Amino acid sequence: GRLRLRQVRGSSSAVRDCAPPRATPTILSMDESWVLIDANSGLHVRWYFWLRVLDEVNRAARYGAPFALLLLDAEVPAGKPSKLVDEAVSCVPATIRSTDLGGVLSRGTAAVLLTHQDSQAACIARTRILERLAVACPREVRWHTQLLCYPEHGAEISHLLTGGWAERHAAPAASDIGRSA
């Protein structure tokens, strides 16, 4: 189902006493309007995936924990049905660990957040994921990858997740939120 966050006014005096004087106390409850998982791929939707990546960047910066971001781009030869790209991306969830976070960024493009992985472990994970995709996906599909590791590729990952993210992903993420509401 779909999930939606809805504001509910708090009437408890205990809630009011804990809130800052100028703020109206609110409680968030889950409803069924916010889509977090893409129905076609089984991966997290773009806006939620980037939100979780930004959380991981903050956590990594605070605790000095490494992480990696694996970008996967599926490509099919000209003349082949484009639905192969969708089928290929839907294979990604079965190739990642339960502790990894997968997201669909656009048609044919997925990303995997590899938490607590340094560059060496992330390279091993990329190889494992690509080997599993080679078995699970149609043979016509070719995968292009980019692996960004924190803190080794700090400048690139900060551009991707700050300025680059805002320019390339904020408007599409906002439109995703608008469509799902």
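Residues numbered from 1 in each chain as written. Predicted model: local features only at pLDDT ≥ 70, side-chain atom pairs only at ≥ 80, totals over all residues. Heavy atoms only, no water.

Undergrad: Explain the pattern of salt bridges residue by residue, including any values.
TA: Taken as a whole and judged by the stated rule, the model has 3 salt bridges. Residue R107 is joined to D86 by a salt bridge in which the shortest nitrogen-to-oxygen separation is 3.0 Å. Placement of R107 in the loop between strand 4 (101–106) and strand 5 (109–115) and of D86 in helix 3 (residues 83–90) is noted, with a sequence separation of 21 residues between them. Taking relative accessible area as the criterion, D86 reaches 35% and is therefore assigned partly exposed. Put simply, D100 and R97 hold a salt bridge, and the shortest N to O gap is 2.5 Å. (Salt bridge = Lys/Arg side-chain N within 4 Å of Asp/Glu carboxyl O. Helix = DSSP H or I, 4+ residues; strand = E, 2+ residues; numbered from the N terminus. Buried < 20%, exposed > 50% of the residue type's maximum accessible area, 1.4 Å probe, protein only.)

Undergrad: Can you explain the side chain of E56? Please cite residues and give values.
TA: Looking at the secondary structure, you find E56 in helix 2 (residues 46–63). We classify E56 as buried; its relative accessible area is 4%. If near-sequence neighbours (up to four positions away) are discounted, E56 is found in contact with F67, L113 and T115. (Contact = heavy atoms within 4.5 Å.)

Undergrad: For unusual backbone geometry, give the residues involved together with the corresponding values.
TA: Each neighbour pair has its own omega, and for Y150 with P151 the value is 10 degrees, a cis peptide bond. Secondary-structure assignment places P151 in the loop between strand 6 (142–150) and helix 5 (154–161). Of note in the backbone geometry, H116 takes a positive phi value of approximately 55 degrees without being a glycine. For H116, the position within the fold is in the loop between strand 5 and helix 4 (119–136).

Undergrad: So what about the nonpolar core? Which residues, and what values?
TA: One finds L72, V92, V112, L114, I129, L133 and W143 to be the most contacted residues of the largest nonpolar core, which totals 26 residues. Every element with two or more residues in this core is listed here: strand 3 (67–75), helix 3, strand 5, helix 4 and strand 6. Once residues within four sequence positions are removed from consideration, V92 is found in contact with L43, L72, A110, V112, L133 and W143. Core analysis: the second largest hydrophobic core is formed by 12 residues, V53, L69, L71 and A111 among them. (Core = buried A, V, L, I, M, F, W, Y, C linked by side-chain atoms within 4.5 Å.)

Undergrad: Explain the packing of aromatic side chains to me, using residue names and the numbers behind them.
TA: Per the stated rule, a full pass over the model turns up 3 aromatic pairs. Consider the rings of W47 and Y48, whose centres lie 5.9 Å apart with planes at 80 degrees: the pair is edge-to-face. Just as W47 is buried, Y48 falls in that class too. For the pair F49 and W50, a centre-to-centre distance of 5.6 Å together with 70 degrees between the ring planes defines the contact as edge-to-face. W50 matches F49 in its accessibility class, with the two residues each being buried. (Phe/Tyr/Trp six-rings, centres within 6.5 Å; stacked < 30°, edge-to-face > 60°.)

Undergrad: Can you break down helix 3 residue by residue, with the values?
TA: Among the residues making up helix 3, those that are buried are L84, V85, A88 and V89. Summarising the axial view, the buried residues of helix 3 lie within an arc of 135 degrees, below the 170-degree limit, and thus occupy one face. The elements touched by buried residues of helix 3 are strand 3, strand 4, strand 5, helix 4 and strand 6. (Arc of directions from axis to C-beta.)

Undergrad: I'd love a proper account of the sheet that holds strand 5, names of residues and values included.
TA: Taken in spatial order, the 4 strands line up as 4-5-3-6 in an open sheet, and their pairing is antiparallel. A single partner strand is all that each edge strand has here, and the edge strands are strand 4 and strand 6. Taken pair by pair, the neighbouring strands of this sheet meet at an average axis angle of 20 degrees, ignoring direction. In this fold helix 4 packs onto strand 3, strand 5 and strand 6, with an angle of close to 160 degrees to the strand it touches most, strand 6. (Pairing = 2+ DSSP bridges. Axes fitted to C-alpha atoms, helices over the stretch in contact; angles between N-to-C directions.)

Undergrad: I'd like a description of the confidence of the model for the protein chain, backed by residues and values.
TA: Of the residues in the protein chain, 66% have a pLDDT of 70 or more, and the chain-wide mean is 75. Looking across the protein chain, the model is least confident in helix 1 (residues 13–18), with a mean pLDDT of 32, and most confident in helix 4, with 95. Counting interchain partners and residues more than four positions distant, the pLDDT-below-50 stretch residues 1–28 has 41 contacts. For residues 163–170, every residue scores under 50 in pLDDT, and the model assigns this stretch 11 contacts once sequence neighbours within four places are set aside. (pLDDT = per-residue confidence, 0-100.)

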